Amino acid sequence: VDLFVRASNILAINMYEKFGYVKYRRVLDYYAGGGSDGSNTNTSEGVGEDSEDAFDMRKALARDVKKESVIPLKHPVRTEDLEW
């Protein structure tokens, strides 16, 4: 089971960790930025100035006895690297 949470949302991260989730990987620029007026504030790289990373938090299912599905990655990934 996995979910995505803003990297700045410490309260939610702590709550999910209490429920047995682990920070599996950081996803760079997961949340796209936008101006306070709702306009897009993209930079020349195509990433919003207000974009924010997310943590992909995972919790192993009971059948994953060795918890191999939740071994944290050592490097961050980009949204285009995610498989749905």
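See the structure above.
Residues numbered from 1 in each chain as written. Predicted model: local features only at pLDDT ≥ 70, side-chain atom pairs only at ≥ 80, totals over all residues. Heavy atoms only, no water.

Peer 1: Give me the lowdown on unusual backbone geometry, citing residues and values where you can.
Peer 2: In the Ramachandran plot, Asp29 falls in the positive-phi region, its phi being about 50° despite a non-glycine side chain. Tracing the chain through its elements places Asp29 in strand β2 (residues 22-31). Relative accessible area serves as the criterion here: at 25%, Asp29 is assigned to the partly exposed category. One non-glycine residue, Lys67, lies in the positive phi region at around 55°. Looking at the element boundaries, Lys67 is found in the loop between β3 (52-58) and β4 (77-78). For Lys67, a relative accessible area of 48% gives the class partly exposed. (Helix = DSSP H or I, 4+ residues; strand = E, 2+ residues; numbered from the N terminus. Buried < 20%, exposed > 50% of the residue type's maximum accessible area, 1.4 Å probe, protein only.)

Peer 1: Provide a residue-level description of the packing of aromatic side chains, including the pertinent values.
Peer 2: Scanning all chains against the criterion turns up three aromatic pairs. When the centroid spacing of 4.6 Å and the interplanar angle of 10° are considered together, the rings of Phe4 and Tyr30 count as stacked. You can see Phe4 sitting in strand β1 (residues 2-6) and its partner Tyr30 sitting in strand β2, a full 26 residues away along the chain. Owing to a relative accessible area of 26%, Tyr30 belongs among the partly exposed residues under this scheme. Within the aromatic cluster, the residues linked to one another by ring pairs are Phe4, Tyr30 and Tyr31. Across from the ring centre of Tyr31, 4.0 Å away, lies the NZ or CZ of Arg6, which sits over that ring. Geometry around Phe55 places Lys23 over its ring, the cationic atom sitting 4.9 Å from the centre. (Phe/Tyr/Trp six-rings, centres within 6.5 Å; stacked < 30°, edge-to-face > 60°. Lys NZ or Arg CZ within 6 Å of the ring centre and 35° of its normal.)

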